[in-house]
Amino acid sequence: VQLVESGGGLVRPGGSLRLSCAASIGNFNVRDMAWFRELPGKEREFVAAIYWNNDYERYSDSVRGRFTISRDNAKNTVYLQMNMLQPEDTAVYSCAAPPTYRHPGIGEHEYDYWGQGTQVTVSS
């Protein structure tokens, strides 16, 4: 199993980035997928999740309306479009996969597989 994030980088406040997570994992099309982030000096926190059939998305209060999660089951890839980025969004962003046929909540313990993460830095 391998989850590989890409698309991070340095962006100015108000800018946008699109993260990708390529998943080498069985039964991707029946796994929800999620993004978490670890802010400097803080614990990892939930950002967004998407159901395996694309019919439900969940967001944290801090990103709702600015970030959009999506997936392409044909490519085994999940995306995070981040708009109106702010310095407080600076973090390492990781994708995560739970067991199949589950709709987990926002707790880290509910996810079995994790990527290494990609750094997002928002600074002028």
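Residues numbered from 1 in each chain as written. Predicted model: local features only at pLDDT ≥ 70, side-chain atom pairs only at ≥ 80, totals over all residues. Heavy atoms only, no water.

Asker: An account of the overall build of the chain is needed here, citing residue identities and associated values.
Answerer: What the chain contains, in helices and strands, is 0 helices and 11 strands. Taken from N to C terminus, the helices and strands of the chain fall in the order β-β-β-β-β-β-β-β-β-β-β. The C-alpha atoms of the chain give a radius of gyration of 13 Å, which matches the 14 Å a tight globule of 124 residues would have. Here the chain holds 124 residues, and the buried ones make up 46% of them. A fraction of 58% describes how many contacts in the chain between residues 6 or more apart in sequence connect residues 24 or more apart. Of the roughly 6,300 Å² that the chain leaves accessible, carbon and sulfur atoms contribute 45%. Distance between charge centres in the chain, computed from 12 positive and 14 negative side chains, equals 4 Å. (Helix = DSSP H or I, 4+ residues; strand = E, 2+ residues; numbered from the N terminus. Rg over C-alpha atoms; globule rule 2.2 N^0.38 Å. Buried < 20%, exposed > 50% of the residue type's maximum accessible area, 1.4 Å probe, protein only. Contact = heavy atoms within 4.5 Å. Areas by Shrake-Rupley, 256 points an atom, 1.4 Å probe, with all protein chains shown as cover. Lys, Arg positive; Asp, Glu negative; His and termini not counted. Charge placed at Lys NZ, Arg CZ, Asp CG, Glu CD.)

Asker: I'd love a proper account of the pattern of salt bridges, names of residues and values included.
Answerer: Taken as a whole and assessed by the stated rule, the structure comprises 5 salt bridges. Between R37 and D89 there is a salt bridge; the shortest N-O distance is 3.0 Å. Residue R37 is located in strand β4 (residues 33-38), and its partner D89 is located in the loop between β8 (77-82) and β9 (91-97); the two are separated by 52 residues in the primary sequence. Per residue, the accessibility class of R37 equals that of D89, and both read buried. Among the charged side chains, a salt-bridge network with shared partners connects R37, E45, R66 and D89. (Salt bridge = Lys/Arg side-chain N within 4 Å of Asp/Glu carboxyl O.)

Asker: Lay out the sheet that holds strand β7 (residues 67-72) in plain terms, naming residues and giving numbers.
Answerer: Spatial ordering of the open sheet is given by β1-β3-β8-β7, a layout of 4 strands whose pairing is antiparallel. Each edge of the sheet is formed by a strand with only one pairing partner; in this case those strands are β1 (2-6) and β7. Taken over all neighbouring pairs, the strand axes of this sheet differ in orientation by 15° on average, direction set aside. Summarising the sheet, β7 and β8 pair through 6 bridges and their orientation is antiparallel. Bridged to R71 within β8 is V78. (Pairing = 2+ DSSP bridges. Axes fitted to C-alpha atoms, helices over the stretch in contact; angles between N-to-C directions.)

Asker: Can you lay out the nonpolar core for me, pointing to particular residues and giving the numbers?
Answerer: Counting residues in each nonpolar core, the largest one holds 28 residues, and the members touching the most others are W35, L80, M82 and Y93. Taken together, the elements giving at least two residues each to this core come down to β3 (17-24), β4, β5 (44-50), β7, β8, β9 and β11 (118-122). (Core = buried A, V, L, I, M, F, W, Y, C linked by side-chain atoms within 4.5 Å.)

Asker: Run through the packing of aromatic side chains, naming residues and quoting values.
Answerer: Scanning the entire structure with this criterion turns up 6 aromatic pairs. Pairing F36 with Y111 gives two aromatic rings, centres 5.2 Å apart and planes at 75°, and the pair type is edge-to-face. Here F36, found in strand β4, pairs with Y111, found in the loop between β9 and β10 (113-114); they are 75 residues apart in sequence, far enough to count as distant. Taken as a pair, F36 and Y111 share a single burial class, namely buried. Over the face of the ring belonging to Y79 we find R18, whose NZ or CZ atom lies 4.0 Å from the ring centre. (Phe/Tyr/Trp six-rings, centres within 6.5 Å; stacked < 30°, edge-to-face > 60°. Lys NZ or Arg CZ within 6 Å of the ring centre and 35° of its normal.)

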